[in-house]
Structures are given as structure tokens and as C-alpha cells.
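Observations on chain architecture
The lines below spell out each chain.
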Amino acid sequence: MGKSSPAPPAPVVIDPREEAETQYEFGKKTALYNKQLGESTWQDTPYGTLRYEQVSPGSTVEGEFGVPTTRMIQELHPAEQALLDQQRALKGQYGGLAGQLMGKAGDLFASPVDMSSLGALPAANEATRQSQIDAILGRFQPQQARSRSALETQLANQGFTRGTGAWQSSMDEINRREHDLMLAANLQAGNEMRADLAQQMGIRQQSLQELLLPRNQTMQELSTFMTGSQPTMPQFAPVSAPQVSAPDYAGLAMSNAQMQNQANMAAYNAQMQNQGSGLAGLGSLLGAGAGFMMGGPAGASLGSSLGSGGVSTFSGSLPGAASGGGWSFG
């Protein structure tokens, strides 16, 4: 006769989808609550107030994630509102003047600039250059003639005749001086010609600027009106509202399942241990009874086998029994 052992406890199983949906619900409620916390703070400053106003309560259909719609409202102090209205009015006047200037600019730019009043483009005048050269050489020509005549008289008095080497050498020196004067006159005439051309170009450029002045001035004024200062709105400093965190439901469920499984296994192990101790005690009791009833070496051997809790087979002859008569007990 025997008793069967109990089956091990079934493990506690966590459904990931169910836990995720539960965690999602906690997160959704936390997000909505944090939104309400952030919008529950008003600001009241010398410039005005800042508050939140609910526009719609959000979806109320079961199973849907409805987020209430709110709007932020800034209400300025009467003095600040008056300044803002004044700035807007001035900006409107700027826009009106810009519109008038735009019409004027349209009329100015409707036709190309008439540059006929500026005359022909100045150019280098070769005749002016040559006249400058002639004027310079004309001033030095009498002195050159006197120097040449004096040199010829000196050479003749020294006994040098025309065509000799000494005569020609002395005349080459005076010729070089006259040639250098020619080069200097040519350079001076070129410089004066370029200076005169630059002056004429400067006069022409100034005349062109005066011609374009109405257009440029109109565009500058229009740009000033179009890029004027914008109305300024008082700024409210952000306020950090307290926040709450959603509980880790999935982590708590997993931890609870692990603790439950450990407790079930501990109880099962304790039950198995108690069952083993009971079987050992029953074996000792049966062994003691058998030894008392049978007596002798055979009874002691049987009692020892049963008391140890093991499984053994004993065979032998009872005292006083006939030879060949035996029994067995297992």
C-alpha cells in the first residue's frame, strides 16, 4: 500500500499584451494629469495675465484616447494694451506711407533714365596732349637756341671746325639735353591729359548721381518704412509645473509573479519533505513491531530493514519450525 506524491505547482504566467495595455492606460492617465497640472498655473504680472482655457473636453467614447483641447490666453494690462494698440496704429500709418511711395516709385521706374543731358562720354584728347607738348617746348626753345649758338661760338674760338670729332662730341651732349626735354614734355602732357580726363569723368559721375537722386531717395525712404520696428509683445516667463510619473505596472506584475512562484515552490518542497519524514517514521514503527513479534535474530534483522526505510526481502525459518518450512516477507 503506497501514497502518490503531489504534482509540482503550475507557474504563474504573465500575459505581455494584457500587461502592456494596463501600463498604457496608466501612462495615458498620467499624461492627461500632467497636462492638467501644467495648465493649472496662471501668471499675473505687471504686464498682464496668462491663463489657459479649455476649448473641448476631448473624446468620451469608451476605449479611445481623448486629449482635451486648450488654448493659452494673454491678457495685457490696460496701459500695455494701449501701447500695443498705438504701435499697431503707427505701423499702419507706416504701411500707408509705404503704399504712397510705392506708387511714386512706380511712376519713376516706369521709364528708363534719360542720360542725354550728360552729353558724350569724355575721352582722351590727343590734340590737347600735343598742344601741351608744344607749349612746354615753346617756352624752352629760345633758351635752347641761345645755348646751341653759344656752344658753336665757343667751339669755333677754340679752333674746332664743324664735322670734326670734338665738334660732334660737344654737339651730341646738347642734343641729348634737348631730347630729354622732349621726353619730359611728353610725360607732363600725358599726365595733364589724364588729369583732365579724370576731372571730366568726375563731373559726369556727379551729374549722373544727381540725375538718379530722385529714384535712389524714393527707394531708401520706401525701405525705411517697410522695415520699421514691429509691435513688441510683452513676454511671460515659463513656469515649470510639477510632474508625476506613471507607476511601473508591468514591472510590479512581473516581480509579483516571481515572488508567487518562489512561494509556491517553497510550499511544495516543504510538503515533499514532510511526506518523506512521515514514511520514514512509519517504517521505524513497523520494524519495531516485527522484531517484537518474531524475536531472535530473524526478527532483529527484519526490524532493522524496515526501520531503515529501505526495501528488502527477508527469508528464513521460524524458531521451532520443521526443516524445509519457511516464509518470506518483502
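Note that the structure is a prediction, hence the values are computed from the model and not measured.

A count of helices and strands for the chain gives six helices and five strands. When the elements of the chain are put in sequence order from the N terminus, they spell out α-β-β-β-α-α-α-α-α-β-β. Of all 330 residues assigned to the chain, the portion counted as buried reaches 17%. The contacts in the chain between residues at least 6 apart in sequence include a share of 68% that link residues at least 24 apart. About 23400 Å² of surface is accessible on the chain, with carbon and sulfur atoms providing 58% of the total.

To continue, consider the pattern of salt bridges. This model, assessed by the stated rule, comprises eleven salt bridges. Close ionic contact of R51 with E53 constitutes a salt bridge, the shortest N to O distance being 3.6 Å. Using a relative accessible area of 26% as the deciding quantity, one classes E53 as partly exposed. One salt bridge in this structure joins E126 and R129, with 2.6 Å as the shortest N-O distance. Of this pair, E126 and R129 both sit in helix α3 (residues 126-157), separated by three residues, roughly a single helical turn. Under the relative-accessibility criterion, E126 is labelled partly exposed at 46%. One continuous salt-bridge network, built from bridges that share partners, spans R51, E53, R71 and E75.

Below, the discussion takes up the packing of aromatic side chains. In this structure the tally under the stated criterion is zero aromatic pairs. One Lys or Arg, R215, reaches over the ring of F109 and ends 4.7 Å from the middle of that ring.

Further remarks concern the environment of A98. Mapped onto the elements of the fold, A98 is located in helix α2 (residues 78-108). The class of A98 is buried, set by a relative accessible area of 4%. Sequence spacing of A98 and T224 is 126 residues, and the spatial spacing of their C-alpha atoms is 8.8 Å.

This part is about the confidence of the model for the chain. Put simply, the chain has an average pLDDT of 76, and 76% of its residues get 70 or more. For the stretch residues 306-330, pLDDT sits under 50, and the model shows 30 contacts to residues farther than four places along the chain or on other chains.

Counting residues in hydrophobic clusters, the biggest one holds six residues: I133, I136, L137, L181, A185 and A189. Going through the elements one at a time, α3 and α4 (165-226) are the ones with two or more residues in this core. Once residues lying within four places of it in the same chain are set aside, the contact partners of A185 are I133, I136 and L137.

Once that is clear, we can look at α2. Turn by turn, an α-helix covers 3.6 residues, leaving residues three or four places apart pointing in a common direction. In this model, α2 (31 residues) spans 45 Å end to end at C-alpha, consistent with the 45 Å of a helix rising 1.5 Å per residue. Listed as buried for α2 are L84, A98, L101 and A105.

A word on the sheet that holds strand β3 (residues 69-76). Two orientations exist for strands paired in a sheet by backbone hydrogen bonds: parallel and antiparallel. What the three strands build is an open sheet, ordered β1-β2-β3; its pairing is antiparallel. Two strands close off the open sheet at either side, each with one partner strand: β1 (43-45) and β3. Here the strands of the sheet are splayed against their neighbours by 25° on average, with no regard to which way each runs. In the sheet, strand β2 (residues 48-56) pairs with β3 via eight bridges, with the strands oriented antiparallel. Each residue of the ladder has a partner; that of L50, found in β3, is Q74.

Our next topic: a nonpolar patch on the surface. Taken together, the side chains of V113, M115 and L211 define a hydrophobic patch exposed on the protein surface, amounting to about 200 Å² of accessible area. The topology assignment puts L211 in helix α4.

Now for helix α1 (residues 16-38). The terminal C-alpha atoms of α1 lie 32 Å apart, and with 23 residues this matches the ideal 33 Å at 1.5 Å per residue to within 8%. All of the buried residues in α1 are E19, K28, T30, N34 and L37. For α1, the N-terminal capping position is held by D15, with its side-chain oxygen 3.3 Å away from the main-chain nitrogen of R17.

Inspection of the sheet shows β1 paired to β2 by three bridges, in the antiparallel sense. Note that in β2 the partner of T45 across the bridge is G48. Connecting β1 to the next strand, β2, in antiparallel fashion are two residues.

Quick notes on the rules
Residues numbered from 1 in each chain as written. Predicted model: local features only at pLDDT ≥ 70, side-chain atom pairs only at ≥ 80, totals over all residues. Heavy atoms only, no water. Helix = DSSP H or I, 4+ residues; strand = E, 2+ residues; numbered from the N terminus. Buried < 20%, exposed > 50% of the residue type's maximum accessible area, 1.4 Å probe, protein only. Contact = heavy atoms within 4.5 Å. Areas by Shrake-Rupley, 256 points an atom, 1.4 Å probe, with all protein chains shown as cover. Salt bridge = Lys/Arg side-chain N within 4 Å of Asp/Glu carboxyl O. Phe/Tyr/Trp six-rings, centres within 6.5 Å; stacked < 30°, edge-to-face > 60°. Lys NZ or Arg CZ within 6 Å of the ring centre and 35° of its normal. pLDDT = per-residue confidence, 0-100. Core = buried A, V, L, I, M, F, W, Y, C linked by side-chain atoms within 4.5 Å. Expected span 1.5 Å × (residues − 1). Pairing = 2+ DSSP bridges. Axes fitted to C-alpha atoms, helices over the stretch in contact; angles between N-to-C directions. Patch = residues over 30% accessible without salt bridge, like charges linked within 9 Å, V, L, I, M, F, W, Y side chains within 5 Å. Polar contact = N/O pair within 3.5 Å; in protein donor to acceptor, adjacent residues only side chain to side chain.

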